[in-house]
Amino acid sequence: MDILDKIIANKRKEVAAQKEAVPIDTLLEKNVQKFERPVCSMYDALKKSSSGVIAEFKRKSPSKGWIFPNAKVDDILPAYETGGASACSILTDTDFFGGSFDDLCRARELVRLPLLRKDFMVDEYQVYQARALGADAILLIASVLTPAESIRLARVAFQLNMEVLLEIHREDEIDRLNPYIDLLGVNNRNLGTFETSVDNSFRLLEKILKEIGNDPAIPLFVSESGLSDDHTIKELRSAGFRGFLIGEMLMKTPDPGKTLSELIQQITNTP
């Protein structure tokens, strides 16, 4: 069993306990106003952005351990917004990433940016949960879902007026793409070994474009993981990517917001 297998096994148990504690009907009844909140489009924000940075808030990872154990949403999210982030990604997995539901709820109170709930989505319940917590978009990881599961979860998000970022990291996962996907992410990190190579984005983008051709419903492309310098991001933009999910590079510094601002200045060549 690799790291991802362990995470998913743990997540299924976790979600089952959450559903028992707060059934879906109760979740919906208690969060009526939150479900009526207008969502903020991450697709639109990235499409019009000159940098496309999705700044991530996370305290640890399975491969690196603790990165910024005492990180506070109140300190970092407003700094991300001021620093020029196009959107933010919030980890809500506790055991492996040190995140929480409170992190996402608090982020929604603090910033007007599109918010992505980044977690391991295996059940429709989590999609409703994400909407109640304040997310505008959810992450679906292709390697842990069948094509039918990808469609089902993405359709629920669509019905809730949320957007979907589908993440792939191998060519054989392209078949998880479906009409409800707004953004297609290429993860440069192998989710089994957690080794990282940005070449994966360039390689898979070529394969993706061959598969989907000139489809007018083509999603917006996002490169994820292992991004740390403006030169690489500029090359990825030239190749066709419009979103760049960056977490560890920011969170391992004492001032993630300042680091983000400096990176965006370099990407956009602004003084």
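### A word on the environment of Asn 178
You can see Asn 178 is positioned in the loop between strand 7 (163–168) and strand 8 (183–187). Along the primary structure Asn 178 and Trp 66 are separated by 112 residues, whereas in three dimensions their C-alpha atoms are 35 Å apart. Excluding anything up to four places from it in sequence, Asn 178 contacts Ser 150, Ile 151 and Ala 154. Engagement of the side chain of Asn 178 in a polar contact is seen with the backbone nitrogen of Tyr 180, the distance being 2.9 Å.

### Overview of the layout of surface pockets
Here the largest pocket defines a volume of roughly 230 Å³. Looking at the largest pocket, it is lined by 15 residues, and the ones nearest its centre are Arg 189, Gly 226, Leu 227, Glu 248 and Met 249. Of all the secondary-structure elements, those providing two or more residues to the lining of the largest pocket are strand 10 (243–246) and helix 11 (248–251). Space inside the second largest pocket adds up to approximately 160 Å³. In terms of lining, the second largest pocket is formed by Gln 18, Val 22, Leu 27, Lys 30, Asn 31, Lys 34, Phe 101, Cys 105, Tyr 125, Gln 129, Ala 132 and Leu 133. Secondary-structure elements contributing two or more residues to the lining of the second largest pocket are helix 2 (24–30), helix 6 (101–110) and helix 7 (124–133). A per-element tally of the lining of the second largest pocket places helix 7 first, with four residues.

### Observations concerning the packing of aromatic side chains
This structure, assessed with the given rule, holds three aromatic pairs. An angle of 35° between the planes, with centres 5.9 Å apart, marks the rings of Phe 97 and Phe 120 as tilted. One end of the pair, Phe 97, is in the loop between strand 4 (87–91) and helix 6; the other, Phe 120, is in the loop between strand 5 (115–118) and helix 7, and 23 residues separate them in sequence. For the pair Phe 97 and Phe 120, one class covers both residues: buried. Ring geometry for Phe 221 and Phe 241: centres 6.4 Å apart, planes at 65°, overall edge-to-face. Here Phe 221 is found in strand 9 (residues 220–224), whereas its partner Phe 241 is found in the loop between helix 10 (230–239) and strand 10, with 20 residues between them in sequence. Pair check on accessibility: Phe 221 and Phe 241 agree, each one buried.

### Some remarks on the packing of helix 5 (residues 73–83) against helix 6
At a minimum axis separation of 10 Å, helix 5 and helix 6 run at an interaxial angle of 45°. If you check the angle between helix 5 and helix 6, you find them oblique. With respect to the hand of their crossing, helix 5 and helix 6 are arranged in right-handed fashion. Between helix 5, through Val 73, Asp 74, Leu 77, Pro 78 and Glu 81, and helix 6, the contact on the second element is made entirely by Asp 103, Arg 106, Ala 107 and Leu 110.

### Notes on helix 1 (residues 3–21)
Along an α-helix, residues three or four positions apart point the same way, because every turn accommodates 3.6 residues. If you check helix 1, its first and last C-alpha atoms are 27 Å apart, about what 19 residues at 1.5 Å a residue would give, namely 27 Å. Considered for burial, the residues of helix 1 that qualify are Leu 4, Ile 7, Ile 8, Lys 11, Val 15 and Gln 18. Across the axial projection of helix 1, the buried residues extend over an arc of 95°, all falling on one side. Among the exposed residues of helix 1, those oriented more than 90 degrees off its buried face are Lys 13, Glu 20 and Ala 21. Where the residues of helix 1 are buried, they touch helix 6 and helix 7.

### Considerations on helix 7
Across the 10 residues of helix 7, nine count as buried, placing the element largely inside the fold. Turning to helix 7, its buried residues number three or more, namely Tyr 125, Gln 126, Val 127, Tyr 128, Gln 129, Ala 130, Arg 131, Ala 132 and Leu 133. Two or three places before Tyr 125, at the opening of helix 7, Asp 123 has a side-chain oxygen 2.8 Å from that residue's backbone nitrogen. Positive phi shows up at Gly 134, right after helix 7, with a value of about 110°.

Thresholds applied
- Residues numbered from 1 in each chain as written.
- Predicted model: local features only at pLDDT ≥ 70, side-chain atom pairs only at ≥ 80, totals over all residues.
- Heavy atoms only, no water.
- Helix = DSSP H or I, 4+ residues; strand = E, 2+ residues; numbered from the N terminus.
- Contact = heavy atoms within 4.5 Å.
- Polar contact = N/O pair within 3.5 Å; in protein donor to acceptor, adjacent residues only side chain to side chain.
- 1 Å grid on protein atoms, 1.4 Å probe; cavity = no way out; pocket = protein on both sides within 12 Å on 5 of 7 lines; lining within 4 Å.
- Points joined across faces, edges and corners; volume = space filled by probe spheres on them.
- Phe/Tyr/Trp six-rings, centres within 6.5 Å; stacked < 30°, edge-to-face > 60°.
- Buried < 20%, exposed > 50% of the residue type's maximum accessible area, 1.4 Å probe, protein only.
- Axes fitted to C-alpha atoms, helices over the stretch in contact; angles between N-to-C directions.
- Parallel < 35°, antiparallel > 145°, perpendicular 65-115°, else oblique.
- Left-handed = near helix turned anticlockwise from the far one by under 90°.
- Expected span 1.5 Å × (residues − 1).
- Arc of directions from axis to C-beta.

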